[in-house]
Amino acid sequence: MSSSRTQPSSSSSTSSSVWQLQYMKVHFFTKIRCLLKSKASTRKRNVQASPEKSRNHQDSEKVAALPEAVVFKQPEDENEEVVLQKTVKKLHFGSWEEKEKAAIEIEKLAREDRKNRKLMAELGVIQVLVSMVASNVSGHQRAAVNALIQLSHGTYTNKALMVSAGICSKLPNDVEVLDQSTRHGFAELLLSLSSLTITQLPVASSKILPFLMDTMNSNSTDMKTKEICLATINNLCLVLENAGPLVLSGAVQTLLSLMSAKDLSEKALASLGQLVVTQMGKKAMEDCLAVPKDLIEILTWEDKPKCQEYSAYILMVLAHQSWSQREKMAKSGIVPVLLEVSLLGSPLVQKRAVKLLQWFKDERNVRVGPHSGPQTGWASPGMGSPMSPRSGEEGKKMMKNLVKQSLYKNMEMITRRGNVDMESECCRLKSLIISTSSKSLTY
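Rules behind the numbers
- Residues numbered from 1 in each chain as written.
- Predicted model: local features only at pLDDT ≥ 70, side-chain atom pairs only at ≥ 80, totals over all residues.
- Heavy atoms only, no water.
- Helix = DSSP H or I, 4+ residues; strand = E, 2+ residues; numbered from the N terminus.
- Buried < 20%, exposed > 50% of the residue type's maximum accessible area, 1.4 Å probe, protein only.
- Contact = heavy atoms within 4.5 Å.
- Areas by Shrake-Rupley, 256 points an atom, 1.4 Å probe, with all protein chains shown as cover.
- Phe/Tyr/Trp six-rings, centres within 6.5 Å; stacked < 30°, edge-to-face > 60°.
- Lys NZ or Arg CZ within 6 Å of the ring centre and 35° of its normal.
- Expected span 1.5 Å × (residues − 1).
- pLDDT = per-residue confidence, 0-100.
- Axes fitted to C-alpha atoms, helices over the stretch in contact; angles between N-to-C directions.
- Parallel < 35°, antiparallel > 145°, perpendicular 65-115°, else oblique.
- Left-handed = near helix turned anticlockwise from the far one by under 90°.
- Nonpolar A, V, L, I, M, F, W, Y, C, P; charged D, E, K, R; others polar.
- Salt bridge = Lys/Arg side-chain N within 4 Å of Asp/Glu carboxyl O.
- Patch = residues over 30% accessible without salt bridge, like charges linked within 9 Å, V, L, I, M, F, W, Y side chains within 5 Å.
- Lys, Arg positive; Asp, Glu negative; His and termini not counted.
- Charge placed at Lys NZ, Arg CZ, Asp CG, Glu CD.

A.B. asks: What's the story with the overall build of the protein in this structure? I'm lost.
C.D. replies: Summing up its helical and strand segments, the protein has 23 helices and zero strands in all. Counting only residues that meet the buried cut, the protein has 41% of its 443 residues in that class. Contacts in the protein between residues at least 24 apart in sequence constitute 68% of all its contacts with a sequence separation of at least 6. Working note: accessible area of the protein is about 24800 Å², and carbon and sulfur atoms make up 56% of it.

A.B. asks: How should I be thinking about the packing of aromatic side chains in this particular structure?
C.D. replies: The relation between two aromatic rings is expressed through the spacing of the ring centres and the mutual angle of the planes. Going through the model one piece at a time under the given rule, you end up with one aromatic pair. The ring of Trp301 is capped by Lys262, whose NZ or CZ atom sits 5.0 Å from the centre of that ring.

A.B. asks: Would you mind showing me how to read the environment of Ala261 here?
C.D. replies: When you line up the elements, Ala261 lands in the loop between α14 (251-258) and α15 (265-275). For the pair formed by Ala261 and Met223, sequence separation is 38 residues and the distance between their alpha carbons is 9.9 Å.

A.B. asks: Mind showing me how you'd approach α15 here?
C.D. replies: Residue pairs spaced three or four apart in an α-helix point in one direction, given the helix's 3.6 residues per turn. Counting buried residues in α15 gives eight out of eleven residues, a clear majority hidden from the surface. Buried residues belonging to α15 abut α12 (223-237), α13 (243-248), α14, α16 (279-286), α17 (293-298) and α18 (305-319).

A.B. asks: What's the story with α12 in this structure? I'm lost.
C.D. replies: Helix length check: α12 (15 residues) gives 21 Å between terminal C-alpha atoms against 21 Å at 1.5 Å per residue, within 8%. Within α12, burial applies to Thr225, Lys226, Ile228, Cys229, Leu230, Ala231, Thr232, Ile233, Leu236 and Cys237. Residues of α12 that are buried sit in contact with α10 (180-193), α11 (208-217), α13, α14 and α15.

A.B. asks: Explain unusual backbone geometry to me, please; I cannot follow it from the model alone.
C.D. replies: What is expected of a backbone is that most residues other than glycine have negative phi and most peptide bonds are trans. Note that the residue after Val291, namely Pro292, is joined by a cis bond; omega there is 5°. Within the fold, Pro292 resides in the loop between α16 and α17.

A.B. asks: What's the story with the confidence of the model for the protein in this structure? I'm lost.
C.D. replies: The predicted coordinates ought not to be read in detail in places where the model reports low pLDDT. Taken as a whole, the protein shows an average pLDDT of 76; of its residues, 63% reach a score of 70 or greater. In this model residues 47-78 is a low-confidence stretch, pLDDT under 50, and it forms 21 contacts with partners more than four residues away in sequence or in other chains. Contacts for the low-pLDDT stretch residues 368-387, under 50 throughout, to residues beyond four places or in other chains number 13 contacts.

A.B. asks: What exactly am I supposed to notice about the packing of helix α7 (residues 125-133) against helix α8 (residues 138-152) here?
C.D. replies: Axis angle and axis distance: for two packed helices, these are the angle between their axes and the distance between the axes, and together they describe the pair. At a minimum axis distance of 8 Å, the contact between α7 and α8 shows a crossing angle of 140°. The orientation of α7 relative to α8 falls into the category oblique. At the point where α7 passes α8, the crossing takes the left-handed sense. Between α7 and α8, the residues in contact are Val125, Ile126, Leu129, Val130, Met132 and Val133 and His140, Gln141, Ala144, Val145, Ala147, Leu148 and Leu151, respectively. Considering only residue class, the contact of α7 with α8 consists of eleven nonpolar, two polar and no charged.

A.B. asks: Sorry, what's going on with the side chain of Thr87 here?
C.D. replies: Mapped onto the elements of the fold, Thr87 is located in helix α4 (residues 75-93). Excluding anything up to four places from it in sequence, Thr87 contacts Ala102, Glu105 and Ile106.

A.B. asks: Is there a simple way to think about the environment of Gln321 in this case?
C.D. replies: Within the secondary structure layout, Gln321 lies in the loop between α18 and α19 (323-331). In the structure, Gln321 is positioned 38 residues away from Trp359 in sequence and 9.5 Å away in space, judged by C-alpha atoms.

A.B. asks: Honestly, the packing of α10 against α11 in this entry has me stumped. Any pointers?
C.D. replies: Between α10 and α11, the shortest axis-to-axis distance is 11 Å and the interhelical angle comes to 130°. On the basis of their axis angle, the class for α10 and α11 is oblique. Note that α10 runs across α11; the crossing there is left-handed. Contacts from Arg183, Phe186, Ala187 and Leu190 of α10 reach α11 at Ile208, Phe211, Leu212 and Thr215. Here the contact of α10 with α11 is composed, by residue class, of six nonpolar, one polar and one charged.

A.B. asks: Where do I start with the pattern of salt bridges in this structure?
C.D. replies: Pairs can form between side chains of opposite charge whenever their charged atoms are close. Per the stated rule, a full pass over the model turns up seven salt bridges. We note a salt bridge from Arg111 to Glu107, for which the minimum N-O separation is 2.7 Å. Here the residue Arg111 and the residue Glu107 both occupy positions in helix α5 (residues 96-112), the gap between them amounting to four residues, near one helical turn. Notably, a salt bridge pairs Glu327 with Lys331, separated by 3.9 Å at the nearest N-O pair.

A.B. asks: When you look at a positive patch on the surface in this model, what are you seeing that I'm missing?
C.D. replies: Where like charges cluster on the molecular surface, the positive patch consists of Lys86, Lys89, Lys90 and Lys101. At three residues, the largest contribution of residues to the positive patch is made by α4. As for its position among the elements, Lys86 is in helix α4. A relative accessible area of 53% means that Lys86 is categorised as exposed.

So, in structure tokens, the structure goes:
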């Protein structure tokens, strides 16, 4: 009795699957036929409306008077449309080897003609290519990724279709098993998808950040792929909601480790500049041992003015209303570096260096007052200030002497670099500074 019940159910499920397959094929070929007909009618109207370009006027009129089926049969166009039809058919219904060849052909067609990208998306190739990304065969994976890259160029809709098809959850868990070409392809695809909004790109709940961090931290990843990953991180940092997931994924530590490489430093510092303005990003940087020492080192890169500007900006944010960070910077020798940058750097880094120096000057004045000996007689009762006007004037005078001496050192360095014989002027300037300064303030 039970066998008699099982047999009809199995036969019904088999017939249902066969019916679904037939329905998919009919639906697919119907779409192809409609698209080809629409192209043919458009071509016919263009031929009828366009001015005569052929040598024989009568021949062109005959071509325009031919029926639609005859006009449609142009060898080059027919060849392109037949290739597209066969390629999409193989991608949907072919074997894995046929799917791989079809993906390579789709990459070629999408690169050659922008209109083909939208057409192939309408034929459902994106969903099939996304499913091929999860394949364990490197050839299938690489062909699918390269095709998706070409389909994503210049079309916002195709990118959204890729995300909705689950591309973010199909990224590989182990980047070490990928060859350089496939790893580079995944990085380029994520860079293209990073232009989507936060509502369409699930950064926190997907494999995007783990893949990017593992790729950048891997010693086997080439510099070009790391540079693409940094550009993706920079795009993600522009969205404020991504700051939390980026910090939790270890982006700050990764970026700090990459900024020491001059080929990658500019993009790494740009991303750090976006993260430092957030509470979580600033806290993560303050806890790193490389901060502020490595940032101060970057200030000395005269051949990288953009890196100097980014580094000075990050140091400004870290030092703002933070006595502990200013103390760490002072112990790391930031003041002489800032004095040099304020004279020799770009206009923007000069402004930032002068601002930082002003903060250190005010901090020093406040600390010198109550700690430079017995000053109980200096403070006026009833005033809430920690130091008297006299101590403030002395602090300003000492800072002025320090700036004078630093200016002399920098001028001496400039003359030495320019190979200009200015020994007499330098001696005169040195004697003038020594005679006008009674004591120096060491930092």
